[in-house]
Amino acid sequence: MNSIFLAAEGFSGVDTLWVLLGAMLVFWMQPGFALVEAGLTRAKNTANILMKNFCDLMCGAVLFWIIGFSLMFGSDKGLFGWDGLLWMSNGGNDNIPAPAFFIFQTMFCATTATIVSGAMAERTKFSMYLVYSMLISAFVYPISGHWGWGGGWLSEMGFHDFAGSTLVHAAGGALALAGAIVLGPRIGKYDKNKQSKAIPGHNLALCALGVFCLWIGWFGFNPCSELSITGESSFHVAHIFITTNMAAATGGLSALVYTWVIDGKPSLSMVCNGVLAGLVGITAGCDCVDIWASAVIGVIVSVAMCFSVSFIDKVLKVDDPVGAVSVHGVGGILGTILTAVFCNPELNGTECTIGVQTLGAFAVVGFAFVMGMIIFNAIKYTVGLRCGRREEEEGLDIYEHGEAAYN
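Keep in mind that what you see is a predicted model, and the values were worked out from it rather than measured.

Topic: the side chain of S302
- With respect to the helices and strands, the residue S302 is situated in helix α11 (residues 291-314).
- Contact partners of S302, with chain neighbours within four places excluded, come to G251, S254, A255, G274 and A277.

Considerations on α11
- When the terminal C-alpha atoms of α11 are compared, their 35 Å separation across 24 residues agrees well with the 34 Å that a helix rising 1.5 Å per residue should span.
- Three or more residues of α11 are buried, namely A293, S294, A295, I297, G298, V301, S302, M305, C306, S308, I312 and D313.

Here's the deal with the environment of V275
- Here V275 shows up in helix α10 (residues 268-282).
- For V275 and F212, which are 63 residues apart along the polypeptide, the C-alpha to C-alpha distance reads 9.4 Å.
- Dropping the residues within four chain positions of it, V275 is found in contact with V211, W215, A248, G251 and G252.

Notes on the packing of aromatic side chains
- Counted according to the given criterion, the structure contains 19 aromatic pairs.
- Relative to F101, the ring of F73 has its centre 5.0 Å away and its plane inclined at 75°; by these criteria the two rings are edge-to-face. Taken as a pair, F73 in helix α3 (residues 46-73) and F101 in helix α4 (residues 98-119) lie far apart in primary sequence, 28 residues in all.
- Summarising the aromatic geometry, the rings of F219 and F241 are spaced 5.0 Å apart at their centres and angled 20° between planes, so their arrangement reads as stacked. Taken together, the positions of F219 in helix α8 (residues 204-221) and F241 in helix α9 (residues 233-263) put the pair 22 residues apart, joining distant regions of the chain.
- Taken together, the aromatic side chains of F64, F69, F73, W87, F101, F102 and Y141 make up a single cluster linked through ring pairs.
- Geometry around Y129 places K52 over its ring, the cationic atom sitting 5.0 Å from the centre.

What counts, and at which threshold
Residues numbered from 1 in each chain as written. Predicted model: local features only at pLDDT ≥ 70, side-chain atom pairs only at ≥ 80, totals over all residues. Heavy atoms only, no water. Helix = DSSP H or I, 4+ residues; strand = E, 2+ residues; numbered from the N terminus. Contact = heavy atoms within 4.5 Å. Expected span 1.5 Å × (residues − 1). Buried < 20%, exposed > 50% of the residue type's maximum accessible area, 1.4 Å probe, protein only. Phe/Tyr/Trp six-rings, centres within 6.5 Å; stacked < 30°, edge-to-face > 60°. Lys NZ or Arg CZ within 6 Å of the ring centre and 35° of its normal.

This is the structure:
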């Protein structure tokens, strides 16, 4: 019998239940991402978007089990870990069994792949989406994740990313940027003078509902990353709940004020992204910053996200339909660095430096971006990454899946 099912003594039933609840809450982020992406894009591509989000989770679950978990949490081999195929452990957390830790980490893996979907929406071949989603889940995310969470070189330097501002979100944002660059903009996004033209999403109600789902899911993403709720951990969990919620609130409020001042009207879509940016930004340091600091982080990251959305669209001419690069990439990098600025060692003993946090953020982002460029260009120049013009203009639902989301 596999040793992971033996020697159950010493495991905490309460802590195990807590981690499994966290896995369920992080799972709930998948429909959140699906609704946000569907709402911010056009109706003719809704079934395609929903299908991609299903596949991120399904492919991620299988491939992370086969190879990804071992690359991420296996014995350190330098740039990656390895303990064989189908390997499973509790990551050194003796209070919970290996299957609980594994399923919790599986949900994180699926999140990284899903972030990429939004930036490449409405113009990617479905078959090729499956290829790069599988490569991200099996190799890209686990390797960089090992550096920070699996005993790799960043963790040895004191890099602190509690629940994944960099290792999940910024990595996903970097991959999203690479994908959007290689794909090119949607038809009609830029006119002959290269001026940006808005392509409105078809349903802001779906987008808003998705953000609410993600906000709830983040209470699994961050607090449950404590991997315990008994003893002293109960205080830490409660504190993380508050910092997570506070950054989301100030992030949304900051986007509301920013768009009201700059554009003359408060934008619902930007408030939704402001909430998400605040959540992304606080994820690295939710355990080690004071409540007031979490509020400040939410403000800084949200304002930076608002500026970044405009800069990427109008200056860089990169078409990101949902703002994934700004929310997850910019938000993740800033949040990781700001963790060092506001870290309070008295909360849980965590200490980190701006230098190490900056190095870690840009090392992971650089790796993810380079790997993304290699993967997407390899697909583009062999079998093709982008769908045909007719498919894009008439919608991917019918051409790729033979059915429409709305009838």
